[in-house]
Each structure stands twice: as C-alpha cells, then as structure tokens.
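# Observations on chain architecture
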Amino acid sequence: MSWAGPEDIFLSTSLASYLDKKLLVLLRDGRKLLGILRSFDQFANAVLEGACERVIVGDLYCDIPLGLYVIRGENVVLIGELDLEREELPPHMICVSAAEIRRAQKAERDATDLKGSMRKRMEFLDLD
C-alpha cells in the first residue's frame, strides 16, 4: 500500500524546484527558519543545511545558527525562495546578539501579558 497519491506528485515537483536554493520557511509556531534546501520527501519533510532561526522583535533581529536542520512537513506553513541579489532586511533593522534578542522577547511577552491582564481588570466598566 502506498501512502503517496497522485495529488502528492505536484507537491514533490514544486519542492524539487527549490532544491539547493536558500529558503525562508515559516513554521506553525511562528518561527522563521532560513537555510538551503538539501532534501525533502512526499510528506514535505525537509532538510535545511546551514539553517538559522531568524528572531525579530520590533527593529531588532538575530539569526541563531542551527546547522543541519530537519523540519517535519506538517509544521510548515509557508516556503519561499530568498532572492540573493536583494538585501534580506530593511535598512532600519539592527542585528543584535542572541542574549539581547531573548531579553527583547521577554520584555515584549511581559508587555503583552500586562496588556491582557489590564483588559481583564477593565471588563467590569463595560465601555461598549
């Protein structure tokens, strides 16, 4: 019994065009991975070489190196080829260390949590 049906041929064909090219892969959990596609299978599981996770917080970003990275196909939301001729990021973005980006992520998460708790406290006012 074969798991791959005729409709899976189109998926494989489209991923084949990305082999040995630098890609941006957006995952279900929101992470953004960059790397060169070296292999894939009928389930869209993919292997990225020289992979890194790009973390962006406001105008700060950091590329955290991951090396050779295997991605489970069901976690992929989007795959796009990066244009090597163009600058990847707008000029106002500032590259920072992994420690700095983690601090910025924590501050952003704390601000979001505070906003949510303030909204809950203000619900009794029923401003609608």
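Everything below is about the structure shown above.
Residues numbered from 1 in each chain as written. Predicted model: local features only at pLDDT ≥ 70, side-chain atom pairs only at ≥ 80, totals over all residues. Heavy atoms only, no water.

### A short note on the sheet that holds strand β1 (residues 22-27)
Pairing within the open sheet is mixed, and its six strands lie in the order β5-β1-β2-β3-β4-β6. Whereas interior strands pair on both sides, the edge strands pair on one side only; in this sheet they are β5 (76-81) and β6 (94-95). As paired strands, strand β4 (residues 60-71) and β6 are joined by two bridges and run parallel to one another. Bridged to Y61 within β6 is C95. (Pairing = 2+ DSSP bridges. Helix = DSSP H or I, 4+ residues; strand = E, 2+ residues; numbered from the N terminus.)

### Digging into the side chain of E53
Note on placement: E53 falls in strand β3 (residues 46-57). It is R31 that comes nearest to the buried, bridge-free E53 among opposite-charge side chains, at 4.6 Å. What E53 contacts, discounting residues up to four positions off in sequence, is R31, K32, L33, C62, D63, I64 and L66. (Buried < 20%, exposed > 50% of the residue type's maximum accessible area, 1.4 Å probe, protein only. Lys, Arg positive; Asp, Glu negative; His and termini not counted. Salt bridge = Lys/Arg side-chain N within 4 Å of Asp/Glu carboxyl O. Contact = heavy atoms within 4.5 Å.)

### Comments concerning the pattern of salt bridges
With the rule as written, the count across this model stands at six salt bridges. D63 is the partner of R54 in a salt bridge, and the nearest nitrogen-oxygen pair spans 2.7 Å. With a relative accessible area of 11%, R54 lands in the buried category. For the salt bridge of E74 with R72, the shortest nitrogen-to-oxygen distance reads 3.3 Å.

### What about the layout of surface pockets?
Which parts of space are left empty comes out when a probe the size of a water molecule is rolled across the atoms. For the largest pocket, the calculated volume is near 200 Å³. Put simply, the parts of the chain that give the lining of the largest pocket at least two residues each are β2 (32-40) and β3. In terms of residue class, the lining of the largest pocket is built from five nonpolar, no polar and six charged. (1 Å grid on protein atoms, 1.4 Å probe; cavity = no way out; pocket = protein on both sides within 12 Å on 5 of 7 lines; lining within 4 Å. Points joined across faces, edges and corners; volume = space filled by probe spheres on them. Nonpolar A, V, L, I, M, F, W, Y, C, P; charged D, E, K, R; others polar.)

### What about the environment of N45?
With respect to the element layout, N45 can be found in the loop between β2 and β3. By relative accessible area, which is 24% here, N45 ends up partly exposed. With 28 residues separating them in the primary sequence, N45 and G73 have C-alpha atoms 4.0 Å apart. From its side chain, N45 meets the backbone nitrogen of G73 in a polar contact 2.6 Å long. (Polar contact = N/O pair within 3.5 Å; in protein donor to acceptor, adjacent residues only side chain to side chain.)

### Here we look at the environment of Y61
In this structure, Y61 sits in strand β4. Through-space distance from the C-alpha of Y61 to that of A98 is 8.9 Å; in sequence the pair is 37 residues apart.

### Remarks on the nonpolar core
In this structure, L23, V25, L27, L33, L37, A46, L48, A51 and I71 together form the largest nonpolar core, which totals nine residues. If you list the elements that add at least two residues to this core, you get β1, β2 and β3. Each residue touching V25, except ones within four places of it in the same chain, is listed here: R31, K32, L33, L48, I71, V76, L78 and I79. Residues V57, C62, I101 and A104 belong to the second largest nonpolar core, which totals seven residues. (Core = buried A, V, L, I, M, F, W, Y, C linked by side-chain atoms within 4.5 Å.)

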